[in-house]
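Coordinates in review
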Amino acid sequence: VFCGMVDFGLYRADDSRDPGDYENAGILGVPNASGPMSDVEGRKRKLNSELANGRLAMVAITGMLFQNGMFGTTGPAMW
């Protein structure tokens, strides 16, 4: 219920804005009353770094799943 209230109440999609750029959200979507980032280049850099970190996390979890399927162990158990 809480997630639905946040999704449909606080973060409403607006066709005039970029996808994921919500009017009520602060920097990177965290509502901390800081408002949207005015520095366009800084916003682009932060969003690109967040995408890169998400991709790295996906590669890491894929490696862990492959290791578990291949050897039947996880990282700490191998050491």
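Residues numbered from 1 in each chain as written. Predicted model: local features only at pLDDT ≥ 70, side-chain atom pairs only at ≥ 80, totals over all residues. Heavy atoms only, no water.

So, the overall build of the protein chain
Within the protein chain, the secondary structure is distributed over 3 helices and 0 strands. Order of helices (α) and strands (β) in the protein chain, N terminus to C terminus: α-α-α. Counting the 79 residues in the protein chain, one finds 8% classified as buried. Of the roughly 6,800 Å² of accessible surface on the protein chain, a fraction of 63% belongs to carbon and sulfur atoms. (Helix = DSSP H or I, 4+ residues; strand = E, 2+ residues; numbered from the N terminus. Buried < 20%, exposed > 50% of the residue type's maximum accessible area, 1.4 Å probe, protein only. Areas by Shrake-Rupley, 256 points an atom, 1.4 Å probe, with all protein chains shown as cover.)

What to know about a nonpolar patch on the surface
Nonpolar side chains collect at one region of the surface, where Met58, Ile61, Met64 and Leu65 lie side by side and expose about 430 Å² of accessible area between them. With respect to the secondary-structure elements, Met58 resides in helix H2 (residues 40-71). (Patch = residues over 30% accessible without salt bridge, like charges linked within 9 Å, V, L, I, M, F, W, Y side chains within 5 Å. Salt bridge = Lys/Arg side-chain N within 4 Å of Asp/Glu carboxyl O.)

What to know about the confidence of the model for the protein chain
The pLDDT averaged across the protein chain works out to 79; a share of 77% of its residues lies at or above 70. Looking over the protein chain, one finds the lowest element-wise mean pLDDT in helix H3 (residues 75-78), namely 66, and the highest in H2, namely 89. (pLDDT = per-residue confidence, 0-100.)

Topic: H2
The first and last C-alpha atoms of H2 sit 47 Å apart over 32 residues, in line with the 46 Å expected at 1.5 Å per residue. Directly beyond the C-terminal end of H2, a positive phi value near 75° is found at Gly72. (Expected span 1.5 Å × (residues − 1).)

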